[in-house]
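Take a look at the letters that make up each chain.
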Amino acid sequence: MVLQLFKKIKKGSGTIVIPILFSVVIFTVWELLVFLLEIPEYLLPPPSTIFNELGTNFSILLGHMAMTMLAAVSGYLLANGIGFCAGVIFAHSKTIEKGIYPYAIALKTTPVIAMAPLLVLWFGTDLESKIATAALICFFPIIVNSVKGLTSVDRDSLDLFKSYSASKWQIFIKLRLRTSLPYVFSALKISTGLSVVGAVVGEFVGANVGIGYLILVSSYHLETATMFAAIMMSALGGVTFFTIVSLIEKKVIFWQRALETG
Amino acid sequence: MSSIIEVQDLSKYYGKHLVYEKLNFDVKEGEFLSIIGPSGCGKTTLLKILGGLIEHSSGNISINGQPVKNALKARKLGFVFQNPVLLPWRISSSNIELPLEIQGINNSPKLSDEMLKIVGLEGFENYYPGELSGGMQQRVAIARALAFKPLILMMDEPFGALDEITRNHMNLELLRIWKEEKASISTVIFVTHSIPEAVFLSDRILVLSAGPAKIEEIVDIDLPRPRKTEMKHSKRYLEFMEHLRKIIGED
């Protein structure tokens, strides 16, 4: 039985089976520790209570998560759209890049949490301010990576296109754009998680719905199990988002896989 | 034979660094000319200058009496680099059609099949570069260079990255393709750092000295054609090897 399980893990289903086994072990230890050390529930609720909370209030939690993810995904799309266009401009003009880049770095080093109150003041306590915080945090990776990707074309490929008397536009469309994709996607993957952070931070500052709001409110009432459930839901949202983008990446950059196996 | 490329007083500087000063030579129509020399002497740079990919500093180059830029625009030149430089997201046939696509030329759908046949890759039109071996990738690159039906094929150490067996095989294949009527190549300019390869392939070998490079000698290789692998053991072949080793200063 154990041997069969082991064989299954080795066969490659391990990417799913091993993490599940680990979580089972961790939750069991956690449950036991809470019980044995008599830790009060408002400090650390046992997993059973958290799962119970998840089960009974699932639709409410899902509603909050949907609002958070709506803000996160909207901000993500907005930032990556604008960021990529900015990257294209930067890659073509050194002057513009030199002029704006220092500010992009300044923006990157400013914590989103420091900007959030200002954004809530400007955009209100509704969805817009959360989209803004999510967008702000996603902005930097895409700019840096799209510039890097668009300028990473090798000498030989440029010579090849030059030997066909190709125009700048043709080089951009047929060469640079595709070459930049692995870099662009690595930014797109990083910022899936960041966008959720941005949205939750926005909700902490001023909101009446969303995972951030739920965490804040349940902390006031010492409803720690609800907090844990909300945290888990936000993690679930981030992981799902990341997985979807990874799947899209595999479809779009199909040749990288061909290269690895070939 | 008449000259297809004439080079007069060609000089090239990179900033203040002199690469060559006043090179004079010509490339004859229909010949296989190799350029050889110690590494770093600027063989590749010379090829790229001849092909109009790098600007020269002074002097004159003409192809069929015209400036290089005109020959480039008139699609007289085909290039093969050391790396195949295939676009990994395109299948073989679409890689081969790239030059025509860029220049907006309507090509017959059979063109890429025809070119693949010439380079001996029939049936591989739907393969991505990642699915092909190094030698096969370089064949696709040659097929792509042939798509224009160029007059002059310019090759920069095209087989340098291949293992010896594949390389020897590709040398024979290249000679076959050169004479293939459908390929319509008249002249080949071939940069290499391998003396055996240069002797085996060429009609003439242009030997560059270490930088700042001068033309050390232009060696006529009067081995009979078609070239056969057995010739590598002939006395004449070995004499050429010996002679070239001496000029290049290789032990």
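Enquirer: Please give an account of the overall build of chain B that cites residues and values.
Expert: When its secondary structure is counted, chain B shows nine helices and ten strands. The C-alpha atoms of chain B give 18 Å as radius of gyration, which agrees with the globular expectation for 251 residues (18 Å, within 12%). Each principal axis of the C-alpha distribution contributes one length, and for chain B these read about 45 × 40 × 35 Å. Counting across all 251 residues of chain B, residues that qualify as buried make up 41%. In chain B, once contacts between residues fewer than 6 apart in sequence are set aside, the share between residues at least 24 apart is 71%.

Enquirer: Now, about the overall build of chain A: what can you tell me, with residues and values included?
Expert: Across its full length, chain A carries eleven helices and zero strands. In chain A, the succession of α and β elements from N to C terminus is α-α-α-α-α-α-α-α-α-α-α. Computed over C-alpha atoms, the radius of gyration of chain A comes to 23 Å, more than 25% over the 18 Å expected from 2.2 N^0.38 for 262 residues, which places it beyond the range of a compact globule. By principal-axis analysis of the C-alpha atoms, chain A measures approximately 75 × 60 × 30 Å. Counting across all 262 residues of chain A, residues that qualify as buried make up 34%. A sequence separation of at least 24 residues applies to 77% of the contacts in chain A between residues at least 6 apart.

Enquirer: Please set out the confidence of the model for chain A residue by residue, giving values where relevant.
Expert: Here chain A averages 90 in pLDDT, and 92% of its residues register 70 or above. Predicted confidence is poor over residues 258-262 of chain A, with pLDDT under 50, and the contacts of this stretch with residues over four places away or in other chains come to seven contacts.

Enquirer: Break down the domain arrangement of chain A for me, with residues and values.
Expert: All names here are of chain A. Partitioning chain A into structural domains gives domain 1 (1-39) and domain 2 (42-261). Relative placement of domain 1 and domain 2: their C-alpha centres are 31 Å apart. Counting residues at the interface gives six residues for domain 1 and five residues for domain 2.

Enquirer: Mind laying out unusual backbone geometry, listing which residues take part and the relevant values?
Expert: Following R225(B), the chain continues into P226(B) via a peptide bond in cis, with omega recorded as 0 degrees. As for its position among the elements, P226(B) is in the loop between β10 (215-220) and α9 (235-248). With a phi angle near 50 degrees, E38(A) is a residue other than glycine that sits in the positive phi range. Residue placement: E38(A) occurs in the loop between α1 (2-36) and α2 (47-56). A tally of 6 C-beta atoms within 10 Å means that E38(A) is categorised as exposed. Of note, K149(B) is a non-glycine position whose phi angle comes to about 55 degrees, a positive value. If you trace the backbone, K149(B) turns up in the loop between α6 (134-146) and β7 (152-156). For K149(B), a count of 14 C-beta atoms within 10 Å puts it in the partly exposed group.

Enquirer: Got a sec to walk through the interface of chain B and chain A? Specific residues and values, please.
Expert: In this assembly, 18 residues from chain B lie in contact with 15 residues from chain A. The set of elements that each furnish at least two residues to the side of chain B that touches chain A consists of α2 (68-73), β6 (77-80) and α4 (98-102) of chain B. Here the side of chain B that touches chain A is composed, by residue class, of eleven nonpolar, four polar and three charged.

Enquirer: Give me helix α7 (residues 164-179) of chain B: which residues, what numbers.
Expert: Residues and elements named next belong to chain B. Along its 16 residues, α7 runs 23 Å from first to last C-alpha, staying within 8% of the 22 Å computed at 1.5 Å per residue. Residues of α7 that are buried include every one of M170, N171, L174 and I177, and no others. Along the long axis of α7, the arc covered by the buried residues comes to 130 degrees, so they all point the same way. Facing away from the buried side of α7 by over 90 degrees, the exposed positions are I165 and K179. Elements that come into contact with the buried residues of α7 comprise α5 (111-118), α6 and α8 (195-201).

What counts and what doesn't
Residues numbered from 1 in each chain as written. Chains lettered and ligands numbered in written order. Predicted model: local features only at pLDDT ≥ 70, side-chain atom pairs only at ≥ 80, totals over all residues. Helix = DSSP H or I, 4+ residues; strand = E, 2+ residues; numbered from the N terminus. Rg over C-alpha atoms; globule rule 2.2 N^0.38 Å. Buried ≥ 20, exposed ≤ 12 C-beta atoms within 10 Å, placed from the backbone. Contact = placed C-beta atoms within 7 Å. pLDDT = per-residue confidence, 0-100. Domains from an automatic or database assignment. Nonpolar A, V, L, I, M, F, W, Y, C, P; charged D, E, K, R; others polar. Expected span 1.5 Å × (residues − 1). Arc of directions from axis to C-beta.

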